[in-house]
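# Close look at the chain arrangement
One-letter residues, chain by chain:
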Number of protein chains: 2
Amino acid sequence: MSTIVMNSPQSPMWRSPVTAADRLLLEIQRTIVEGEIESGSKISEPELARKFNVSRAPLREALARLERCHLIERIPNAGARVVKLSTEGLLALYQIREELEGLACRLAAENMDDAEIQQVQELLNQHLDTQRVREGESYYQEAGDLDFHYRVILGSKNPYLINMLCDELYFLVRMYRVQLGMNGPRVSRAFDEHKAIINAIANRDGELADLLMRRHIAASRVNIELKLQQLGK
Amino acid sequence: MSTIVMNSPQSPMWRSPVTAADRLLLEIQRTIVEGEIESGSKISEPELARKFNVSRAPLREALARLERCHLIERIPNAGARVVKLSTEGLLALYQIREELEGLACRLAAENMDDAEIQQVQELLNQHLDTQRVREGESYYQEAGDLDFHYRVILGSKNPYLINMLCDELYFLVRMYRVQLGMNGPRVSRAFDEHKAIINAIANRDGELADLLMRRHIAASRVNIELKLQQLGK
DNA sequence: CGGCTCTTGATTGTCGACAATATTTCAGAT
DNA sequence: ATCTGAAATATTGTCGACAATCAAGAGCCG
């Protein structure tokens, strides 16, 4: 029912006792994804610690997790840098996404129960309404798309797969999309593709769902690749 | 030439200034994989810190990385436990392995240069010799198998893929194999399968290499599954 | 006697200071 | 003027102590 972006079990988002490191992680993740800290810039531990009014201990914990989701790169005794976006990086990232989300579809077709599937279908219609009401506002499309993918991934019921996609890869995916201003034109087409995928899952046709998801992601990749090139020039 | 188990770039193994947390990580990884710390048992930070004569700071850094490769599970304010092996876990793990290593083969067929491929082929022959000389000694088979898979994965040239497989998944794979005593019977058959895979890569037939690798991993999974069941009874 | 609450004990999370390492600066020589 | 080398500076890695939180057991009440 809600449009909340769900996360996997070990994400800090819904852990009961939210620790300082958890808050820091969420905050810095947002900061990096939205581009408030420039891509490629160096991260100073003392500076960030002062900025967020915490000690370096929880900050370093947060940095460790940021490295885990590929948003920063650390070199021992030298420091951390925000990851730099590139065409090669995008390609490498989406190669994995295609493969893993395809697998997720196949597993979801086996493991999602009817109620969950129906829930996703209703969700899609909701998103369509919201999006029609607020044409042009990209955030809702972003959130809607993420929500759909999260549901399918969770539907796979494979903990490792869920962890890899939701916790390790998706923040980077969002970073590409947000920083390259991915919003407008693909909205309605993406909706149709989502619909086709969940229908295939509803028909328990994992193979088809796999194929459709791979194409869906490939289309998204081409879209971003284009933007990246035209911005590069 | 060497039979050294290579690791991906961000593994501590070959970082020039080896920090205390790096040493701890390697040591504890080994300890868990070999089963010296019982599967499912709780981990006490003060106790481990005393045992290794270090402060809790680098230890916690190491624990964070252990969580990353799924060898321990942490609950905030409650502590960490060594992961428990199970049939479901094995299945979930190998589902991903099949998919990702299949992808690795396809990419390796595109991206490995002839010299690298030849190197792997020579390596295989070396392993065969070593293994014939020391029949029954499982360690060499373990190491040889790992070495082969590592080479192919590195051959994909996809940093995310390399990181996921070598740094996040493979320690758990090794834990299953070591703790269930996987060594003897599949040795020579595995060698043939390895040979077929690298040949397909040499012929730049990524699709075939993909298929063969999936079967190879599936066979390995069935093998372990059997052992797991017969030990479970 | 069983179940609940509170206290006690231990563990984890956080802090500030110190040690080890990398980066920058500046003087001197070619 | 450029390069080399060493001192100075800043950053990261590690340490020990304190605060916050959780688990276990004693005591009380129904």
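Refer to the preceding data block for the structure.
These lines cover the structure that appears in this document, whether it is placed above or below. These numbers were taken from a predicted model, which means no experiment stands behind them. Residue indices begin from 1 for each chain and proceed along its sequence in written order. Ligands are numbered from 1 and chains lettered from A, in the order in which they are written. At least 70 in pLDDT is required for a residue's local features to be given in this predicted model, at least 80 for side-chain atom pairs to be given and counted, and no such filter applies to totals for whole chains, interfaces and linings, which use all residues. The basis for the side-chain values is all heavy atoms of the structure; hydrogens and waters are excluded.

### A look at the relation of the copies chain B and chain A
Least squares is the method for superposing the copies, and the C-alpha atoms it fits come from residues with pLDDT of at least 70 in both. When chain B is fitted to chain A, the best match, at an RMSD of 0.1 Å, comes from turning it 180° and sliding it 0.0 Å along the axis. On the angle and the small slide along the axis, the relation comes out as a two-fold axis. When checking whether two residues touch, look at their non-hydrogen atoms; a contact exists if any pair is within 4.5 Å. Here 100% of the contact residues of chain B are again contact residues in chain A; the copies associate through an equivalent surface.

### A word on unusual backbone geometry
All names here are of chain B. Residue N53 is not a glycine yet carries a positive backbone phi of 55°. One can find N53 in the loop between α2 (45–51) and α3 (56–68). For every residue, the accessible area (1.4 Å probe, protein chains only) is compared with the maximum for its type, and the residue is labelled buried under 20%, exposed over 50%, or partly exposed between those bounds. Judged by relative accessible area, N53 falls into the exposed class, the value being 71%. Even without being glycine, K157 reaches a positive phi, approximately 65°. In this description a helix means any DSSP run of H or I spanning at least four residues, a strand means any run of E spanning at least two, and both kinds are numbered starting from the N terminus. With respect to the element layout, K157 can be found in the loop between α6 (138–155) and α7 (159–179).

### A closer look at the interface of chain B and chain A
With 31 residues of chain B at the contact, the number on the chain A side is 31 residues. Put simply, buried area is how much 1.4 Å-probe accessible surface two parts lose in total, over both of them, once they are put together. Here chain B and chain A share an interface that buries about 2800 Å² over both sides, 60% of which is from carbon and sulfur atoms. Contact with chain A buries surface across chain B, with B:E99, B:Y160 and B:M164 losing the most and accounting together for 24% of the total. Salt bridge, as applied in this entry: a Lys or Arg side-chain nitrogen positioned within 4 Å of an Asp or Glu carboxyl oxygen. The interface formed by chain B and chain A includes 8 salt bridges. B:R106 is the partner of A:E99 in a salt bridge, and the nearest nitrogen-oxygen pair spans 3.0 Å. Any N or O atom pair separated by 3.5 Å or less is treated as a polar contact, with the protein-specific requirement of one donor-capable and one acceptor-capable atom, and with residues adjacent in sequence counted only for side-chain atom pairs. Across the chain B-chain A interface, the total number found is 8 residue pairs in polar contact (both at pLDDT 80 or more). Of all the secondary-structure elements, those providing two or more residues to the side of chain B that touches chain A are α3, α4 (87–111) and α7 of chain B. In terms of residues, the side of chain B that touches chain A owes the most to one element, α4(B), which gives 10 residues. When residue character is reported, Ala, Val, Leu, Ile, Met, Phe, Trp, Tyr, Cys and Pro are called nonpolar, Asp, Glu, Lys and Arg charged, and the others, Gly included, polar. Of the residues that constitute the side of chain B that touches chain A, the class distribution is 14 nonpolar, 7 polar and 10 charged.

### Some remarks on the protein's contact with DNA strand C
Proximity is defined per residue: any heavy atom of the residue falling within 4 Å of a molecule or strand makes that residue near it. Around DNA strand C lies a shell of 19 residues, among which A:T19, A:A20, A:S55, B:R56 and B:R60 are the nearest. Restricting the count to atoms of DNA strand C within 4 Å of the protein gives a sugar and phosphate share of 72%. Measuring from a phosphate oxygen of DNA strand C, one finds a backbone N or O atom of B:E45 at 3.3 Å. For the surface near DNA strand C, a count of residues per class yields 10 nonpolar, 5 polar and 4 charged.

The values are spatial; any link to function lies outside them.
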